[in-house]
Amino acid sequence: MFIDVYIHTPFVLIPSFYGITGSIKGQSVDKWSSQLRNEWLVASFGSVLYWTPMQCVAFGFVPQHSRIAFISCGSFLHKAWLSWLSNPEVEIDEGKCIPNLNVA
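Note that the structure is predicted; figures quoted are calculated from it, not measured. (Residues numbered from 1 in each chain as written. Predicted model: local features only at pLDDT ≥ 70, side-chain atom pairs only at ≥ 80, totals over all residues. Heavy atoms only, no water.)

Chemist: Can you walk me through the side chain of Gln35 in this structure?
Modeler: As for its placement among the helices and strands, Gln35 is situated in helix H2 (residues 29-60). With residues near it in sequence (within four places) discarded, Gln35 still touches Tyr18, Gln27 and Ser86. (Helix = DSSP H or I, 4+ residues; strand = E, 2+ residues; numbered from the N terminus. Contact = heavy atoms within 4.5 Å.)

Here is the structure:
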């Protein structure tokens, strides 16, 4: 649990998330790496605060046969939060929400 939450998540998962989603959005490496540098502390700290109790509950109270489903649902919620964090700007035009991708 310690390695997963405190080493893997901030130093592998968060950079991979920003790199993959930035590439999918067509951003340059400079653009998404700059965003990662600006948001890394918040994303990493929030992830540690989220995953520490999730892992404690998963391994302390969730039956072994249900752990994969529990962690998968938790992972979905975590990635939804990371997506929200990394896409803060939304333009509202005539009742439609349009994400501002700022693709140069």
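We are not done yet, so read on.
Chemist: Just to check I follow, could you spell out a nonpolar patch on the surface for this structure?
Modeler: Together, Phe2, Ile3, Tyr6, Ile7, Phe11 and Val12 make up an exposed nonpolar region whose accessible area comes to about 610 Å². The residue Phe11 is located in helix H1 (residues 2-24) in this model. (Patch = residues over 30% accessible without salt bridge, like charges linked within 9 Å, V, L, I, M, F, W, Y side chains within 5 Å. Areas by Shrake-Rupley, 256 points an atom, 1.4 Å probe, with all protein chains shown as cover. Salt bridge = Lys/Arg side-chain N within 4 Å of Asp/Glu carboxyl O.)

Chemist: What exactly am I supposed to notice about the packing of aromatic side chains here?
Modeler: When we look at a pair of aromatic rings, we describe it by the centre distance and by the angle of the planes. Going through the model one piece at a time under the given rule, you end up with four aromatic pairs. Residues Phe11 and Trp40 carry aromatic rings whose centres are separated by 5.7 Å and whose planes lie at 35 degrees to one another, so their mutual orientation is tilted. Residue Phe11 is located in helix H1, and its partner Trp40 is located in helix H2; the two are separated by 29 residues in the primary sequence. (Phe/Tyr/Trp six-rings, centres within 6.5 Å; stacked < 30°, edge-to-face > 60°.)

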